[in-house]
Amino acid sequence: MTTPIDAEEPTGAAIRKTEPYPEGVHTTEAPAGHPAQLQPWRTHTANPSAPPHTPAPQPVSHTPTPPAVPHTSTPPVPATTPTPPVPPHIAASTTTPAPAAPAPVQPPAVPTAHPAPASPGATQQVFAELLAAVMKVDQVAADAHFFDDLGANSLTMAHFCARVRKQPDLPSVSMKDIYRYTTVRSLAQALAGSEPAQTAAAPAAEASGDAGTVVPAVVPAGTRRYVLCGAAQLLIFLGYSWLTGLVTAHGYHWVSDGSGIVDVYRRAVVFGGAVFVGMCLFPIAAKWILVGRWTAREFPLWGLTYLRFWTVRVLLRANPMGLFVGNPLHVLYLRALGAKIGRRVTILSRRVPVCTDLLTVGDGTVIRREAFIHCYRAYAGRIQTGPVTLGRDVYVGEHTVLDIHTAIGDGAQLGHASALQRGEAIPSGQRWHGSPAQRTEVDHVRVAPAQCGTLRRAAYAVGTLLQTLLVAVPLGVGGVYMLFSGVPALADRLAPGVEDITSPTLYTDALLLSLALFSGLVVTGLLVMFTVPRLLNLTVKPDRVYPLYGFHYSVHRAITRLTNIKFFAWLCGDSSYIVHYLRCLGYDLSKVEQTGSNFGTAVQHETPYHVSVGSGTMVADGLSIINADYSSSSFRVSRVSIGSHNFLGNFIVYPSGGRTGDNCLLATKVMVPLDGEIREGVGLLGSPPFEIPRTVERDTRFDHLRSGDELRRRLAAKNRHNLRTMGIWLFIRWLHFFLLTVLGLATLERYDAVGQLMIAGYVVLSLALSAGYFILVERCLTRFRPLEPRLCSIYDPYFWWHERLWKVPDTYLALFNGTPFKGLVWRLVGVRVGRRLFDDGCTLTERTLTAIGDDCTLNAASKIQCHSQEDGTFKSDHSTIGAGCTLGTGALVHYGVTMGDGAVLAADSFLMKGEEVPPLAYWAGNPATAPAGPRAR
C-alpha cells in the first residue's frame, strides 16, 4: 500500500505552520493528522475539509526602482487586502516537549516604536563620526571618496554598515549603497527618509522573511531523537552494505565458474546488467513504497518522516543513472520517479531533484549544468517541500538555484549564476537574471535549432544503454575477474591456507600491487587525457551548429569528461605547474606572467581547446568556463576569451561572449555580464554585476614583492615548496590506496569463512578508514592547533602552507550529509560546532576558523569560506554562525562574518566579508542585504 509522505503528523497536537507565498499567508490550525491549510491574506476562514490549496507563484511588479530610492524594510501589503496578522513561530510538533529539549531561539524584545529617521544633515554628521571611528581617524570630510580619498576597502565599509545598522535612528546601509554613493554627503542624501536600520533587523514582529514573511524561531529537536535518527541511518547503511556484499559474492562466484573468455563475458553481461538495472530500479521502488507521492508540506528534522526522506534521497544520488545526465534516458528515469516532464526536454544538470512529483517541466525546456532544482529545502530545523514549475521552451542557465514554490513561464529564461527565491515567478516570454533575479534583455539561447526528432532521441538512448550493458559493465565485472585470476598475489589470497593477516607477505603483496596500480593509473590517465581528447576534437568545429544526440554530441561529452578529471587539477592547482597542465590540455594562455598561483585547484570547462586567458591574469578557485551553447535541439562550441591582467575571485561562471576586457577585478560569485560595453579597468561585484574600484590601498601593500629580483627569488622558493607539496600529496594519496589494498587482501583472506559479510565489512571499513585517515592527515598538517587570522602576501611561506591545507581531500564528507555524524566529523577536524547540526552538504574551507552554533541548518552546496585572495594579497579571519541559523542552497559566507542567532541567509546569496547579520534577520541576494519587502523588477 502506498502512503503519501504528508500522512505522518504527530498525534494529539495541533500544528501551526508558516508557508510564505508571493501574496503572503496567515497561519491556520489543523487537527492532528491533517496538515494546516495555507491561505492567502484575503482568506480568513480555514476550511479543514477543503482540499489543500497551493496558489501558483505570481510575478511581482516589473517597474524598475530609481537608484535614489532607498530600501525599505517592511514589505508593503496589497491595497486590496487587509493587513494580515503576524504569523507566530513554528510550534513544536510533538505531543509533549521532551524534558531535556533546549528552548527555542527567542527574539529579543522589539520596541513598540522607532525614532523617526534623522534629517540629511544630522545623518551626514553621524555617518562621518561612525566612519571616522571605524577608520581610526579624527574626522572624515563629507565629500571625501570612500575608496579614492580615504583609502577604505570593502571590509572597512562592511564594518561601517554594521555600525550604522546598530543605531536605532539611522537608515539601513548596504554595501551596494556604499558603492553607489561613495561619499558621506551623497550617502546621507540618498537615504534621507528611509526607515531606521533597526526596523529592518527587528525580528519576529517585523517582516524579515522570504517573500515578506517572518523568520520562524527554531524549535530544536531533542537530543534523544537526534541520536536515534543517526542510529537508524547507520543501520540502513549497514543493511545496504550487506545486500551489496551478498549480491557481489554470489555474482562473482557465478562469473568465475565460466569456461573460457566467451562464457565469462556472457556471464558478466548477464550479472552486470542485472545489477545495473537493479540499482536503477531499487530507488524507484523505495520512493513509491516509503513515500508515495511527494506533496508540498514541511516536517521536522530527525523524525520518522525525515528518515524516509533521507533514505530516498541517498538512494537517488547513489544510483548509476547519474551517468546518463544529458541523455533522454535520464528524463525517462525522472518520469518514473513521478516528475511531470514534457517532450524534447534536455537536462544537463547532475543535481537530481529529490521530490520529483513536485517538478513540472514543459516541452522543449533546457536545464544547464549545476542547476539546483531539488524541490525541497531545509529551513529553521525543518524540511520544506514545494513545487518548481517550468513552462514550455524555458531556458535555465548554469549554476542557478530554483527554490521551492517557484515558476518560470512559457518561453522565459533564467540566466547563468542566478536564482529564484521562494515564491518568485518569471512571466511567460520574459528574460531574467541575477540573484535575486530581475528583468533583462539578454538572450541566453544563442544557438539556432536543428533537426532532432523523437526517433533520433530514442536511437541515442537505446544506443548508449546497449553500450553500457554490453561494453562498459562487462568490462568492469570481467576486469575484476581477470585482475583476481591474473595477478598471482590476488590468486594466492583466494586460495585456501594463505598467511595470517600479520604475515609480512600480505603487506609486501599490497605494497607491490598498490604501487603498480596507483602509478599506472596516474601515468595512463595523463597520457589518455592529453592525447585522446585532442584527436576527438578534430571532429567538432567551433561556431558550427550540431544537432543533439548524435555523433558530434557524444564526442563533445567525451571531451568534457576526459579533460575534467579532478585529480590532476587538484594535484597541480595553486602552483606554477597548473599552467603547464592547462596548456597540455589545450588552453591558450598567451605569454604567462607566472605568479605561482595563476589558477586554483577547481577549474572546469566544457572543452579546453577554445579557451584563451590573457597574460597576467590570476584565478582564485572555482572557475567554470561555459564554452558551449545549447538549445532544446542543438549545441555549438565557441571560444571563451578572458582578458589580460584580470583577477577572478572564487566561484565564477564565465560564458562565451562575456563582456569583460583587460585589467578587471571579478569579485567572488560575480555574474559575468553578457551585454553592454566591454568593462576594462574596473571591478565587478554582485549578480547582476555593478562596478566597484579595481583595487584599493590595502591590495597594493605587497606589490613590491611582485616584480624584479624579489619576485624571482620568492617565486623560485614558492615553486620548490609547491613541488614538495605535490610530492607529499602523491605519497599521501598512495598511502591511502595502500591501506585500502591491505584491507582488501585481508578481506579476501577470510572470504571463504564469512563470505558476503566480509565484502559488506570491507565497504563499511574502507569508508570509515578513508574518513579517519584524511581527518588525521589534516590535523597533523595543522599540528593539532587552530589557524589564526592572517593578512600576508601570496609570497609569504605561511600562504604556501595554507595552500597545502586546501589540498586535503574532502569527498568523503558527502557520505555523512544529512546525518548526525557530519557534526562529529566537523568537530574532529577542528570546527567549533554546536549540538544537533543539520548539514546537507556544506563546504568549510578553513575549519578551525569557523564557529557554528547549536541547531543550525546548512543546505546543500552552501559554503563558509574564511579567506580571500585578491591579486597578490591573502586575508583570512574567523566567521561565526549563531545558534539556529539557516544557510540556503548555494549560499556563500565570506570571512570576518557574524550571523546572529536564528538569522537566515537565502539560497544563492553571498554574504560579504565583515558583514554582521542581526539575530533572526532574513538576508538575501548577491551581495546579501535585508530585503525591503517585495522587490521591484
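If you're wondering where the values come from, they're calculated on a predicted model, not measured in any experiment.

A.B. asks: Looking at this structure, how should I read the overall build of the protein?
C.D. replies: Helix and strand counts for the protein come out as 20 helices and 50 strands. The burial tally for the protein puts 58% of its 937 residues in the buried class. Taking all contacts inside the protein whose residues are at least 6 apart in sequence as the whole, residues at least 24 apart take part in 58%. For the protein, the computed accessible surface area is about 36,600 Å², with 62% contributed by carbon and sulfur atoms.

A.B. asks: Is there a simple way to explain helix 12 (residues 504-537) in this structure?
C.D. replies: For an α-helix, 3.6 residues make a turn, and residues three or four places apart therefore share a direction. Over its 34 residues, helix 12 extends 49 Å from the first C-alpha to the last, a length consistent with the 50 Å expected when each residue adds 1.5 Å. The sharpest bend along helix 12 measures roughly 25° and falls at valine 528. Within helix 12, burial applies to Leu506, Asp509, Ala510, Leu513, Ser514, Phe518, Val522, Gly525, Met529, Pro533 and Asn537.

A.B. asks: Help me out: how do you make sense of the confidence of the model for the protein in this one?
C.D. replies: Any residue range with low pLDDT should be treated as having predicted coordinates unsuitable for detailed reading. With 80% of its residues at a pLDDT of at least 70, the protein reaches an overall mean of 83. Mean pLDDT across the elements of the protein bottoms out in strand 4 (residues 39-40) (30) and peaks in strand 13 (residues 395-396) (98). Low pLDDT (under 50) marks residues 198-209, which in the prediction has 43 contacts with non-local residues, meaning those over four places away or in another chain. Below a pLDDT of 50 lies the segment residues 933-937, which in the model reaches 24 contacts outside its immediate sequence neighbourhood of four places, other chains included.

A.B. asks: Looking at this structure, I do not really get the pairing of strand 42 (residues 873-876). What am I missing?
C.D. replies: The side chains of a regular strand alternate between both faces of the sheet. Side chains of strand 42 alternate between two faces, with Thr873 and Lys875 and Phe874 and Ser876 buried alike. With four bridges connecting them, strand 34 (residues 790-793) and strand 42 associate as antiparallel partners. Bridge assignment links serine 793 to a residue of strand 42, and that residue is threonine 873. Of the strand pairs in this sheet, strand 41 (residues 867-870) and strand 42 are connected by four bridges, and their pairing is antiparallel.

A.B. asks: Just to check I follow, could you spell out the sheet that holds strand 46 (residues 898-899) for this structure?
C.D. replies: Pairing between the strands of a sheet comes from backbone hydrogen bonds, and it takes one of two forms, parallel or antiparallel. The parallel open sheet is built from five strands, whose spatial order is 35-38-43-46-49. Two strands close off the open sheet at either side, each with one partner strand: strand 35 (832-833) and strand 49 (916-917). Across three bridges, strand 38 (residues 850-852) lies against strand 43 (residues 879-881) in parallel orientation. Bridge pairing in strand 43 places threonine 850 opposite serine 879.

A.B. asks: Got a minute to help me understand the sheet that holds strand 48 (residues 910-911) in this structure?
C.D. replies: Spatially, four strands are ordered 37-40-45-48 in an open sheet, and the strand pairing comes out parallel. Of all strands in the sheet, those bounded by a partner on one side alone are strand 37 (843-844) and strand 48. Looking at chain direction, strand 45 (residues 892-893) and strand 48 are connected through two bridges and run parallel. Across the sheet, the residue bridging to valine 893 is leucine 911, located in strand 48.

A.B. asks: Could you clarify how one ought to interpret the side chain of histidine 736 in this entry?
C.D. replies: As for its position among the elements, histidine 736 is in helix 16 (residues 708-749). Residue histidine 736 is classed as buried on the basis of its relative accessible area, which comes to 12%.

A.B. asks: So what exactly am I meant to see when it comes to unusual backbone geometry here?
C.D. replies: Across the chain, the bulk of peptide bonds are trans and the bulk of non-glycine residues have phi less than zero. Note the cis peptide between serine 435 and proline 436, where omega equals 0°. Position of proline 436 relative to the elements: it lies in the loop between strand 19 (431-433) and strand 20 (438-440). Although it is not a glycine, arginine 344 sits at a positive phi angle of roughly 55°. Along the chain, the position of arginine 344 falls in the loop between strand 6 (340-341) and strand 7 (346-347). With a phi angle near 50°, alanine 417 is a residue other than glycine that sits in the positive phi range. Turning to its location among the elements, alanine 417 is positioned in the loop between strand 16 (413-414) and strand 17 (419-420). Alanine 417 sits in the buried class, given a relative accessible area of 14%.

A.B. asks: What is the right way to look at the pattern of salt bridges in this model?
C.D. replies: A side chain of one charge can pair with a side chain of the opposite charge when the charged atoms of the two come close. Scanning the model with the defined rule gives 30 salt bridges in all. In this structure, glutamate 298 and arginine 382 form a salt bridge, with 2.8 Å as the shortest nitrogen-oxygen distance. Note that glutamate 298 is positioned in strand 5 (residues 297-300) and arginine 382 in strand 11 (residues 382-385), a separation of 84 residues in sequence.

A.B. asks: Help me out: how do you make sense of the packing of aromatic side chains in this one?
C.D. replies: Here the distance between the centres and the angle between the planes together describe a pair of aromatic rings. Within the structure shown, the criterion is met by 34 aromatic pairs. Arranged with centres 6.0 Å apart and planes meeting at 35°, the rings of tyrosine 306 and phenylalanine 309 form a pair that is tilted. Of this pair, tyrosine 306 and phenylalanine 309 both sit in helix 8 (residues 304-318), three residues apart, roughly one helical turn. Overall, tyrosine 306 belongs to the buried group, its relative accessible area being 0%. Taking the relative accessible area as the measure of exposure, phenylalanine 309 reaches 0% and is therefore buried. Taken together, Tyr226, Trp294, Phe299, Trp302, Tyr306, Phe309, Tyr376 and Phe838 form an aromatic cluster joined through their ring pairs. Its guanidinium or amino end placed over the ring of phenylalanine 651, lysine 863 lies 4.6 Å from that ring's centre, counting from NZ or CZ.

A.B. asks: Would you explain helix 19 (residues 797-806) in this entry?
C.D. replies: Counting buried positions over the 10 residues of helix 19 gives eight, a clear majority of the element. Of the residues making up helix 19, those classed as buried are Tyr798, Phe799, Trp800, His802, Glu803, Arg804, Leu805 and Trp806.

A.B. asks: What am I meant to see in the nonpolar core here?
C.D. replies: Soluble globular proteins tend to pack their nonpolar side chains together in the buried interior. Ranked by internal contacts, the top residues of the largest apolar core, which has 136 residues, are Phe160, Ile178, Ile852 and Met899. When neighbours within four sequence positions are excluded, phenylalanine 160 is seen to be in contact with Phe127, Leu130, Leu131, Val134, Ile178 and Leu187. Counting 57 residues, the second-largest nonpolar core is a separate cluster that includes Met321, Leu337, Val361 and Ile373.

A.B. asks: Please clarify how the pairing of strand 10 (residues 376-379) should be interpreted in this entry.
C.D. replies: Side-chain alternation along strand 10 places Tyr376 and Ala378 on one buried face and Arg377 and Tyr379 on a second face that is also buried. Here strand 10 runs beside strand 11; their pairing, made up of four bridges, is antiparallel. In the strand pairing of strand 11, tyrosine 379 is matched with arginine 382. Connecting the antiparallel pair strand 10 and strand 11 is a turn made up of two residues, with alanine 380 showing a positive phi of about 55°.

A.B. asks: Looking at this model, I keep getting lost on the packing of helix 6 (residues 223-256) against helix 8. Mind explaining?
C.D. replies: When two helices pack together, their arrangement is captured by the angle between the axes and the distance separating the axes. Close contact between helix 6 and helix 8 brings their axes to 11 Å; oriented N to C, the two are set at 35°. In the crossing of helix 6 with helix 8, the sense of the turn from one axis to the other is right-handed. In this structure, helix 6 uses Cys229, Ala232, Gln233, Ile236 and Tyr240 to contact helix 8, whose residues at the interface are Tyr306, Leu307, Trp310, Thr311 and Leu315. When the residues that make up the contact of helix 6 with helix 8 are grouped by side-chain class, the tally is eight nonpolar, two polar and no charged.

A.B. asks: Just checking my understanding: could you explain the environment of lysine 176 for this structure?
C.D. replies: By the element assignment, lysine 176 lies in helix 3 (residues 175-180). Accessibility expressed as a relative area gives 29% for lysine 176, which makes it partly exposed. Taking C-alpha positions, lysine 176 is 8.7 Å from threonine 929, a pair spaced 753 residues apart along the chain.

A.B. asks: Hey, could you run me through the environment of alanine 318 in this one?
C.D. replies: For alanine 318, the location among the structural elements is in helix 8. Expressed as a C-alpha distance, the spacing of alanine 318 and methionine 279, which sit 39 residues apart in the sequence, is 8.8 Å.

A.B. asks: Would you mind going over the environment of isoleucine 864 with me for this structure?
C.D. replies: Relative to the assigned elements, isoleucine 864 resides in strand 40 (residues 863-864). A C-alpha to C-alpha distance of 9.5 Å links isoleucine 864 and threonine 880, two positions 16 residues apart in sequence. Setting aside residues up to four positions removed in sequence, isoleucine 864 forms contacts with Cys842, Thr843, Leu844, Thr845, Thr850, Ile852, Ser879, Ile881, Leu887 and Val893.

A.B. asks: Is there a simple way to explain a nonpolar patch on the surface in this structure?
C.D. replies: A surface patch of nonpolar side chains, amounting to about 590 Å² of accessible area, comprises Tyr240, Trp242, Leu243, Val247, Met279, Phe282 and Leu757. Those elements that provide at least two residues to the nonpolar patch are helix 6 and helix 7 (260-290). Here the element with the most residues in the nonpolar patch is helix 6; it accounts for four residues. Residue class for valine 247 comes out partly exposed when judged on its relative accessible area of 36%.

A.B. asks: Help me out: how do you make sense of the state of the cysteines in this one?
C.D. replies: Working definition of a disulfide: a covalent bond connecting the sulfur atoms of two cysteines. Applying the stated criterion across every chain yields a total of zero disulfides. In this structure cysteine 375 is a free cysteine whose sulfur lies 6.5 Å from that of cysteine 355, the closest cysteine sulfur available.

The rules behind each value
Residues numbered from 1 in each chain as written. Predicted model: local features only at pLDDT ≥ 70, side-chain atom pairs only at ≥ 80, totals over all residues. Heavy atoms only, no water. Helix = DSSP H or I, 4+ residues; strand = E, 2+ residues; numbered from the N terminus. Buried < 20%, exposed > 50% of the residue type's maximum accessible area, 1.4 Å probe, protein only. Contact = heavy atoms within 4.5 Å. Areas by Shrake-Rupley, 256 points an atom, 1.4 Å probe, with all protein chains shown as cover. Expected span 1.5 Å × (residues − 1). Bend = angle between axes of the 7 residues up to and from the residue. pLDDT = per-residue confidence, 0-100. Pairing = 2+ DSSP bridges. Salt bridge = Lys/Arg side-chain N within 4 Å of Asp/Glu carboxyl O. Phe/Tyr/Trp six-rings, centres within 6.5 Å; stacked < 30°, edge-to-face > 60°. Lys NZ or Arg CZ within 6 Å of the ring centre and 35° of its normal. Core = buried A, V, L, I, M, F, W, Y, C linked by side-chain atoms within 4.5 Å. Axes fitted to C-alpha atoms, helices over the stretch in contact; angles between N-to-C directions. Left-handed = near helix turned anticlockwise from the far one by under 90°. Nonpolar A, V, L, I, M, F, W, Y, C, P; charged D, E, K, R; others polar. Patch = residues over 30% accessible without salt bridge, like charges linked within 9 Å, V, L, I, M, F, W, Y side chains within 5 Å. Disulfide = S-S within 2.5 Å.

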